Amino acid sequence: MPTLTFTDISLLRPTPSLFPCPLKPTEKLRIHRLPLKLRCSIAEESKISPSKLSPNLNAADAATADCVIIGGGISGLCIAQALATNHSAVAPNVIVTEARDRVGGNIITVERDGYLWEEGPNSFQPSDPMLKMVVDSGLKDDLVLGDPNAPRFVLWNGRLRPVPSSPTDLPIFDLMSIGGKIRAGLGALGLRPPPPGHEESVEEFVRRNLGDEVFERLIEPFCSGVYAGDPSKLSMKAAFGKVWKLEQTGGSIIGGTFKAIQEKNKAPKQPRDPRLPKPKGQTVGSFRKGLTMLPEAISKRLGSKVKLSWKLSGVKKLDSGEYSLTYETPEGLVSLRSRSVVMTVPSYVASSLLRPLSVYAAGALSQFYYPPVAAVSVSYPKEAIRTECLIDGELKGFGQLHPRSQGVETLGTIYSSSLFPNRAPAGRVLLLNYIGGATNLGILSKKESELVEAVDRDLRKMLINPNAKDPLVLGVRVWQQAIPQFLVGHLDLLDAAKSSLRDNGYQGLFLGGNYVAGVALGRCVESAYEVASEVSNFLSQYAYK
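Residues numbered from 1 in each chain as written. Predicted model: local features only at pLDDT ≥ 70, side-chain atom pairs only at ≥ 80, totals over all residues. Heavy atoms only, no water.

Our next topic: the packing of aromatic side chains. Tallied over the entire structure, the rule returns seven aromatic pairs. Seen in terms of ring centroids, Y227 and F486 are 5.7 Å apart; in terms of plane orientation they differ by 55 degrees. Their pairing is tilted. Within this pair, whereas Y227 is found in helix α5 (residues 212-227), its partner F486 is found in the loop between β19 (472-479) and α14 (490-503), the two being separated by 259 residues in sequence. Exposure remark for F486: the relative accessible area of 3% places this residue in the buried category. Arranged with centres 5.7 Å apart and planes meeting at 45 degrees, the rings of F368 and Y515 form a pair that is tilted. With F368 in the loop between α11 (359-365) and β15 (373-381) and Y515 in helix α15 (residues 514-517), the pair connects residues that are 147 residues apart, well separated along the chain. Considered together, F368 and Y515 belong to a single accessibility category, that of buried residues. In textbook terms, an aromatic cluster arises when at least three aromatic residues are bridged by ring pairs, as seen for Y227, F240 and F486. (Phe/Tyr/Trp six-rings, centres within 6.5 Å; stacked < 30°, edge-to-face > 60°. Helix = DSSP H or I, 4+ residues; strand = E, 2+ residues; numbered from the N terminus. Buried < 20%, exposed > 50% of the residue type's maximum accessible area, 1.4 Å probe, protein only.)

Moving on to unusual backbone geometry. Not every positive phi belongs to a glycine, and S309 is a case in point at roughly 60 degrees. Residue placement: S309 occurs in the loop between β10 (306-307) and β11 (311-317). For N422, which is not glycine, the phi torsion reads 60 degrees and is therefore positive. Position of N422 among the secondary structure elements: in the loop between α12 (416-419) and β18 (428-436).

The next thing to look at is the environment of L234. Along the chain, L234 turns up in the loop between α5 and α6 (236-239). Considered as a pair, L234 and H490 are 256 residues apart in the sequence and their alpha carbons are 8.8 Å apart. Ignoring anything within four residues of it in the chain, the contact list for L234 reads E200, S201, V202, C223, Y227, G229, Q485, F486, L487 and V488. (Contact = heavy atoms within 4.5 Å.)

Before going further, it helps to spend a moment on the confidence of the model for the protein chain. Residue-level pLDDT values for the protein chain average 89, and 88% of them are 70 or greater. Taken as a whole, residues 1-49 scores under 50 in pLDDT and shows 233 contacts with residues more than four places along the chain or in a different chain. (pLDDT = per-residue confidence, 0-100.)

This is how it looks when you write it as structure tokens:
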């Protein structure tokens, strides 16, 4: 959101490797414990319907699914799609169950009165795994990409300043002082204090390697934009593992970069799928009618294998090695049997569901923290934009981020109508603003009108003319538990949960979603292929046939 993943405000990042989203919806599954003596079964999805619970039902008489995926958000749907396209011989019978009455999870696109806006994640990075998912879902012709040359901005000392988009911009951009640039360069080369003997926070790592200015003017606002988090508590290893690994492998950030390039050049090049589009430069993507097109397209392809309004109330492992899952559905209690299970629900929901299986795993998962975030979509007439913020008479760019030290409450703003076509009527500007996060829990006590007032007040400090008319308010969505925080110790907790399930005999039960994969939408899709491979390997080794 999680998984946002809001978190696709990471499109404002200065380099492609620094920031890995998405929000997770606020509603929880209603947990109803059923007696464990119930015999539960499933009928093969493609042939017969799942069995209703009955005292006369013999579980051994029903067919068994290869994999049941709990959660119909982007992670769950993409895992199902990956199994269908890459592993259909091993897992031909896959079922996705979703507690709500729609698919997509945190992805919410709204279209009204000539506007089209997002209330969860806003975009994705068009990596090859992401593009493969797009093509396999039949959305290649609906793909839209942002201008790779569009600038990104950070608010500093009352002015929006462009972020360097390439090494050639480094000498001339004014977001940092000359001394700050020199400090960052020397640190990247390795002239900095050695790593400490403990897991570093993002703040510790960046200040030590690149200096105070890089942290305060670049990384701190990007942490707010990506995680809505507190960089003094976020783990560098967990949140930005690729950058952390550079120092580990190469002795410094620059050394690790050169070593990674050398290893990449030595590795045999895999042929690229000729079906995939070829994005130009570092950009972001969406679809003609918004991000919701992706989960809807995947769900349509899966057809009746997607079960909506199915609320999981219990899961257990049978003596046969299969899993039994009991659901509350509009048709009453329904049971499934499956050789494997993937849980892609938020960690706090997974914790409740897994507690009867492993108290230790449940305890680990319950410790992940999701702060609140509000997505506020507003529109102004073009003439409301300050003249100094226009480029060739237009508002151009991806958007802006606001360091916590700059006296504004809003985390950042995406220029939605500049980023993708047909997002707003002619003569209007559509802005998606995010407010809240780990350092501003007070948004939960504010009314929607107060959130709009806070956003409008902030925008008039740097982007909107102070005397402009009030904005047109399109949507305000408050995510009470938004983005999972990859805090110091996150990976240890995740490993503890997985190890506890494995050590207690729950092989074939997998954890997925943005608290596992990373918070960016694209990372959730990439992880879906990885989880699908794990499921396939398990089924190949432990198939019950």
